[in-house]
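# Understanding the architecture of this molecule
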Protein chains: 2
Amino acid sequence: MEFKISRDFITQIEQYVSENRENELQALLADIHYADIAEIMGELDDADSIYIFHILDSEKTAEILLELDEEVREKILKGLSPKEIAEELDELSTDDAADIIAELPEGRQGEVISELLDVEHAKDIVDLLRYDEDTAGGLMGKELVKVNENWTVLTCVKEMRIQAENVQRVHSIYVVDDENRLKGRLSLKDLLTTSTKTPISEVYIPKVDSVKVTTPDVEVARIMQKYDLEAIPVIDELGRLVGRITIDDIVDVIKDEADKDYQLAAGISQDVEADDSIIDLTKARLPWLVLALLGGFISVKLLNSFSGAMQYHKELFFFTPLIAAMAGNVGVQSSAIIVQGLANNSISGSLFNRLIKEVLLSLLNGSLLALILIAGSHLLLGVSYEVGLTVSISLISVIIIASLIGTFIPILLNKMGIDPALATGPFITTSNDICGILIYFSIAKLILGF
Amino acid sequence: MEFKISRDFITQIEQYVSENRENELQALLADIHYADIAEIMGELDDADSIYIFHILDSEKTAEILLELDEEVREKILKGLSPKEIAEELDELSTDDAADIIAELPEGRQGEVISELLDVEHAKDIVDLLRYDEDTAGGLMGKELVKVNENWTVLTCVKEMRIQAENVQRVHSIYVVDDENRLKGRLSLKDLLTTSTKTPISEVYIPKVDSVKVTTPDVEVARIMQKYDLEAIPVIDELGRLVGRITIDDIVDVIKDEADKDYQLAAGISQDVEADDSIIDLTKARLPWLVLALLGGFISVKLLNSFSGAMQYHKELFFFTPLIAAMAGNVGVQSSAIIVQGLANNSISGSLFNRLIKEVLLSLLNGSLLALILIAGSHLLLGVSYEVGLTVSISLISVIIIASLIGTFIPILLNKMGIDPALATGPFITTSNDICGILIYFSIAKLILGF
């Protein structure tokens, strides 16, 4: 059951802290999950949350450290000595410990590592720090259960009991040769249901999915999702087993990737939250707004160049926001579908077929919308049929062009190795605004001849 | 390692199918993962993929069935007898089997269930069909390992060997009382490291997170993510253990939820993919475009009512797309941040503080943009300072209002129990277009007095 953090509870804690009532605080927080304590600390001011952190025991604080927002964690770590940080890290698994060390300033990293008590643990952590954070190497942990293909099951079970002491959750038992090269796996089910006398070489499954240390994290996520894996072993260039990635790490990758695409589509260029500072929010939002403003200048210029039309057909200018909005909306729809398809690897077939399909789709949607527009603009707005027809033909053309831009710019970016999600949101609405207005007035000029 | 499906490979399969070369096909597909075969079948035409399905053995076809796109699966199932479908389902876990039965037409469901060979399995599946698909009950499977608190560890291990036969992956060992009420859990680590003579009541962990059958799926996802759980037991109203949910089911929930929010933000109202039919794509896209068009009518009306300004300040009309675009972009940014915050449960603090923050943020962003606008419109576009000032003041006002609308409409919808993601995308851009134009011309009228 989830614990709900109430305002009253926070106030209670703040009061205890201000009165230095350590025992009451410890009692109050004793049964609360570390993830909830981390959330509570996020609600407190810095001094209070540092106070809380110091009165809890290190098994719990290590897990809390992991769950904290990055800024809160940074503040807490600043207040700890290298030795104290090392004590926290000794409680954590290698991948989590490496992630925290990677956040420290360069100079402190060495100091903390030299204070780690468990030498094997320290070696593993140092090894993990070598890898890029967005690769399989950066995601993997060193904790795994592995057995030698030359052992008997009896030796295995004994060895595994020892290894399992250091492993939080046993996902798979990997089988390696004398050179530590990954050969296959033993399933937990096999472990529970096979007689202990059988030799390993007879029972192991010689087929096992694996990824290389250099495989990008989103690719690992895709493979694990596709093949429904709860853990995947990671091998180095020589095929040696160097770590494993578990599904809970992948959940974060999937969530982050989806959030990132969503934020790009909304014109936010960094991972920000509603509770971040005004400066951080501005940094994430302003660049896209400046881009949109510059695009706006171009549309002003364009309209200015068509100002001759104002004398005879001023209604045309009333329709520009409508045309621009339709172009923007269609472009965003098309680009979102393509970006999602590219992310899920589900875009197949030839580019030419896709072109034909987009044109047909736009013709269908555009024609239906044009009918509403002709009727509406005449009945509601009293516009002449001539102008109504002009606007309608423009609308259909604009929808076709906007959907083509929305479809093919992400595909093009993807081919060039650029994140296609960049081409959603403000980028696509701005370019489609401009194209839309240009097409609209060009067609109007052709038909109405001003 | 992932298998890459090439065009050549598909052509090869199509040729073998057309020549009825069953043995070659079986050999070709023997070593290919079911997820890959499902993907291949998605590329083939219906007759070919049904042919492929029939020549593979049922252990593989059952898994393939699960991985197929819903439409392809529907076609395959149509071609199978109730007995054949039941044979596939006997190979699957209860939750997966129930999901497939739920997709069948009502009449066929009973026929298929009555053909299931394993009576226990059939009972479990029927039980699962009672639950809503977007609740914990709809997500859970019946396969789990549970032990009675009154047993000894020795009895446990024996019982578990039997139970584990039916369970694909052992996540946790749950402890229940004589009434099947959930009391706690035994970890796999305990299993490997505890002596077999210990009584269960002494070793089990009496604290265990659980969800009710009625808990919504997104809530289950949030809890499992927050508390880093790989599996969570599901209890009924009386606290009895009725099933378990594993993290791989949650991965799909998280992905679907993120995709849905993304699609709503882009103005797509159903889960569609780039490869869906033109009709399906139109159904998902057209409603939002009609909404935007109707909003466009309002903006035309508004501009028409301000047409008096054209005589003296026609430049004002050149700036309408710019103002509308800025309003739309700011609104989408604000709403996206709030919608994501609401989804992650990370929106805290009072509404009044949020209001102040949004206004300050908009003032900062708006003022910076206004400076660029004044300079740019004078230098690049040769607009008079008077008009430049008017547009700039309007821009700041429009940005403030747009960000308030973008922030508070999602919060309001959320309070009313409506999905706040509905208020992103076309909805917010359209309403902000209209508000933006209204504010712009009202301010212009005030300053320039036309």
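The rules behind the values
The residue numbers shown here count from 1 along each chain, following its written sequence. Each chain takes a letter, starting from A, and each ligand takes a number, starting from 1, following the order in which they are written. Note on the predicted model: pLDDT of at least 70 is required for a residue's local features to be given, and 80 or more for side-chain atom pairs to be given and counted; whole-chain, interface and lining totals, by contrast, use all residues. With hydrogens and water set aside, each side-chain value is computed from the structure's full complement of heavy atoms. UniProt positions are given in the numbering used here, feature names are shortened, and annotations may be inferred rather than shown by experiment. Strands here mean DSSP runs of E at least two residues long; helices mean DSSP runs of H or I at least four residues long; both are numbered from the N terminus. Each radius of gyration is computed over the set of C-alpha atoms, and the globule rule expresses the reference value as 2.2 Å times the number of residues to the power 0.38. For each residue, the accessible area found with a 1.4 Å probe, counting protein chains only, is set against the maximum for its type, and the residue is called buried under 20%, exposed over 50%, and partly exposed in between. Should any heavy atoms of two residues lie within 4.5 Å, those residues are counted as being in contact. Residue burial considers only the protein chains on display, and all accessible areas are found by Shrake-Rupley using a 1.4 Å probe. When DSSP locates at least two bridges between a pair of strands, those strands are taken to pair. An axis is simply a line fitted to the C-alpha atoms; with a helix, the fit covers only the stretch in contact. Between two such axes, the angle follows the N-to-C directions and lies from 0 to 180 degrees. One side-chain nitrogen of Lys or Arg within 4 Å of one carboxyl oxygen of Asp or Glu is enough to make a salt bridge. Superposing the copies works by least squares over the C-alpha atoms of residues that have pLDDT at least 70 in both of them. Nitrogen and oxygen atoms within 3.5 Å of one another constitute a polar contact, given that in protein one can donate a hydrogen and the other can accept it, and given that sequence-neighbouring residues count only through two side-chain atoms. Polarity classes work like this: nonpolar for Ala, Val, Leu, Ile, Met, Phe, Trp, Tyr, Cys and Pro, charged for Asp, Glu, Lys and Arg, and polar for all others, with Gly in that last group. Helix span, as expected, comes to 1.5 Å for every residue beyond the first. By convention, a stacked pair of Phe, Tyr or Trp rings (six-membered ring in the case of Trp) has centres within 6.5 Å and planes under 30 degrees apart, an edge-to-face pair has planes over 60 apart, and any other such pair is tilted. The arc in question is the one traced by the directions running from the helix axis out to the C-beta atoms. Each domain's limits were defined by an automated method or a database of domain assignments. Two helices crossing with the near one rotated counterclockwise from the far one by less than a right angle form a left-handed crossing, whereas a clockwise rotation gives a right-handed crossing. The nonpolar core is taken to be a set of buried Ala, Val, Leu, Ile, Met, Phe, Trp, Tyr and Cys residues, with the residues joined through side-chain atoms within 4.5 Å.

Going by what an unreviewed UniProt entry lists, chain A is known as Magnesium transporter MgtE and is assigned to Flavobacterium zepuense. In its Function (unreviewed entry) section, UniProt records this for chain A: "Acts as a magnesium transporter." Per its UniProt entry, chain A bears the Subunit (unreviewed entry) comment "Homodimer."

With that settled, consider the overall build of chain A. In terms of helices and strands, chain A carries 22 helices and six strands. Computed over its C-alpha atoms, the radius of gyration of chain A comes to 30 Å, more than 25% above the 22 Å expected for a compact globule of 450 residues. For chain A, the spread of C-alpha atoms along the three principal axes comes to 90 × 65 × 40 Å. Burial statistics for chain A: of 450 residues in total, 55% are counted as buried. Taking as baseline every contact in chain A between residues at least 6 positions apart, the subset at least 24 positions apart corresponds to 64%. Accessible area of chain A: about 19600 Å², with a carbon and sulfur share of 54%.

Quick look at the pairing of strand S5 (residues 231-235) of chain A now. All names here are of chain A. Extensive coverage of S5 is indicated by the burial of five of its five residues. Going residue by residue along S5, you find Ala231, Pro233 and Ile235 tucked away on one face and Ile232 and Val234 tucked away on the opposite face as well. When S5 meets strand S6 (residues 241-246), the two strands line up antiparallel, connected through five bridges. Counted as the bridge partner of isoleucine 232 is isoleucine 245 from S6. Between S5 and S6, which pair antiparallel one after the other, the connecting turn spans five residues, and glycine 239 there sits at a positive phi close to 80 degrees.

A word on the sheet that holds strand S1 (residues 145-148) of chain B. Residues and elements named next belong to chain B. Within the open sheet, the three strands sit side by side as S1-S2-S3. Their pairing is mixed. Looking at which strands have only one partner, the edges of the open sheet turn out to be S1 and strand S3 (182-186). Across the sheet, the axes of successive neighbouring strands diverge by a mean angle of 35 degrees, strand direction being ignored. Across the sheet, helix H12 (residues 153-164) lies against S1 and strand S2 (173-176), angled at about 150 degrees from S1, the strand it touches most.

What follows covers the pattern of salt bridges. Enumeration according to the criterion identifies 34 salt bridges over all chains in this entry. Arg181(A) serves as the salt-bridge partner of Asp177(A), at 3.1 Å between the closest nitrogen and oxygen. In this structure, Arg73(B) engages Glu103(B) in a salt bridge whose closest nitrogen and oxygen atoms are separated by 2.7 Å. With a gap of 30 residues between them, Arg73(B) in helix H6 (residues 70-78) and Glu103(B) in helix H8 (residues 94-103) connect regions that are remote in the sequence. Taking the relative accessible area as the measure of exposure, Glu103(B) reaches 34% and is therefore partly exposed.

On to the sheet that holds strand S5 (residues 231-235) of chain B, then. The three strands lie next to each other as S4-S5-S6 (chain B), forming an open sheet whose pairing is mixed. Lying at the two open borders of the sheet, with one neighbouring strand each, are strand S4 (211-212) and strand S6 (241-246) of chain B.

With an RMSD of 0.2 Å, the fit of chain B onto chain A corresponds to turning through 180 degrees and sliding 0.0 Å along the axis. Such a combination of rotation and displacement between the chain copies is what one expects of a two-fold axis.

This paragraph deals with the interface of chain B and chain A. Each side of the interface is counted separately: chain B has 122 residues, and chain A has 123 residues. The interface formed by chain B and chain A contains four salt bridges. Between Lys226(A) and Glu39(B) there is a salt bridge whose closest N-O contact spans 2.8 Å. Run the count over chain B and chain A and you get 22 residue pairs in polar contact (both at pLDDT 80 or more). Per-element tally for the side of chain B that touches chain A: the top contributor is helix H17 (residues 278-305) of chain B, with 17 residues. Classifying every residue of the side of chain B that touches chain A gives 61 nonpolar, 28 polar and 33 charged.

The terminal C-alpha atoms of helix H16 (residues 247-265) of chain A, which comprises 19 residues, lie 27 Å apart, in line with the 27 Å expected from a rise of 1.5 Å per residue. Once H16(A) finishes, Gly267(A) follows within two positions and takes phi at roughly 80 degrees, a positive value.

Below, the discussion takes up the UniProt feature "transmembrane region" (unreviewed entry) in chain A. All names here are of chain A. The UniProt feature table records "transmembrane region" (unreviewed entry) at residues 286-304, 316-339, 359-381, 393-413 and 425-448. With 100% helix and 0% strand, residues 286-304 has end C-alpha atoms that lie 27 Å from one another. Helix makes up 91% of residues 359-381 and strand 0%, and the two end C-alpha atoms of the span are 30 Å apart.

Once that is clear, we can look at the packing of aromatic side chains. Two numbers describe a pair of aromatic rings. These are the distance of the centres and the angle of the planes. All names here are of chain A. Taken as a whole and assessed by the stated rule, the structure comprises eight aromatic pairs over all chains. Summarising the aromatic geometry, the rings of phenylalanine 306 and phenylalanine 441 are spaced 5.1 Å apart at their centres and angled 20 degrees between planes, so their arrangement reads as stacked. One end of the pair, phenylalanine 306, is in the loop between helix H17 (278-305) and helix H18 (315-318); the other, phenylalanine 441, is in helix H22 (residues 426-448), with 135 residues separating them in the sequence. Note on phenylalanine 306: relative accessible area 10%, which makes it buried. Accessibility expressed as a relative area gives 0% for phenylalanine 441, which makes it buried.

What follows concerns helix H6 (residues 70-78) of chain A. Given 3.6 residues per turn, any residue in an α-helix points the same way as the ones three and four places further on. Residues and elements named next belong to chain A. Where H6 is concerned, the buried positions are Val72, Arg73, Ile76 and Leu77. Each buried residue of H6 sits inside an arc of 130 degrees when the element is viewed along its axis, so together they form one side. Those residues of H6 that are exposed and angled more than 90 degrees off the buried face are Glu70 and Lys78. The secondary structure elements touched by the buried residues of H6 are helix H3 (34-43), helix H4 (46-55), helix H5 (58-67), helix H7 (82-90), helix H8 (94-103) and helix H9 (106-114).

Mapped onto the secondary structure, Gln333(B) falls in helix H19 (residues 320-343). Residue Gln333(B) is classed as buried on the basis of its relative accessible area of 1%. Those residues in contact with Gln333(B) that lie beyond four places of it in its chain are Ala266(A), Gly267(A), Ile268(A), Arg285(A), Trp288(A) and Leu289(A).

So, on to the domain arrangement of chain A. Interface size is often expressed as the accessible area that is lost when the parts come together. One can read the domain layout of chain A as domain 1 (7-138), domain 2 (145-256) and domain 3 (278-448). Taking only C-alpha atoms into account, the centre of domain 2 of chain A sits 51 Å from that of domain 3 of chain A.

What follows covers the environment of Ile409(B). All names here are of chain B. Relative to the elements of secondary structure, isoleucine 409 occurs in helix H21 (residues 385-415). Judged by its relative accessible area of 25%, isoleucine 409 falls in the partly exposed class. Taking the C-alpha atoms as reference, isoleucine 409 lies 9.7 Å from leucine 422; in sequence the two are 13 residues apart. Setting aside residues no more than four positions away along its own chain, isoleucine 409 makes contact with Leu404, Ala423 and Phe427.

Right, let's talk about the packing of helix H15 (residues 217-226) of chain A against H16(A) for a bit. Residues and elements named next belong to chain A. One can describe the packing of H15 onto H16 by two numbers: an axis separation of 9 Å at closest approach and a directional angle of 115 degrees. Crossing of H15 over H16 shows left-handed handedness. On H16, the residues that touch Asp217, Val218, Val220, Ala221, Met224 and Gln225 of H15 are Ile247, Ile250, Val253, Ile254 and Glu257. A breakdown of the residues in the contact of H15 with H16 according to their chemical character gives eight nonpolar, one polar and two charged.

Residues and elements named next belong to chain A. Locating serine 394 in the fold gives a position in helix H21 (residues 385-415). When its relative accessible area of 0% is taken as the criterion, serine 394 is described as buried. In this view, serine 394 contacts Ile323, Tyr440 and Ile443; residues no more than four positions away in its chain are not counted.

Below, the discussion takes up the nonpolar core. Ranked by size, the top nonpolar core spans 127 residues in total, and within it Ile245(A) and Ile245(B) carry the most contacts. If near-sequence neighbours (up to four positions away) are discounted, Ile245(A) is found in contact with Ala136(A), Leu139(A), Met140(A), Val211(A), Val220(A), Met224(A), Glu230(A), Ala231(A), Ile232(A), Val234(A) and Ile250(A). The next biggest cluster of nonpolar side chains, apart from the first, holds 76 residues, and it includes Phe318(B), Leu369(B), Ile434(B) and Ile443(B).

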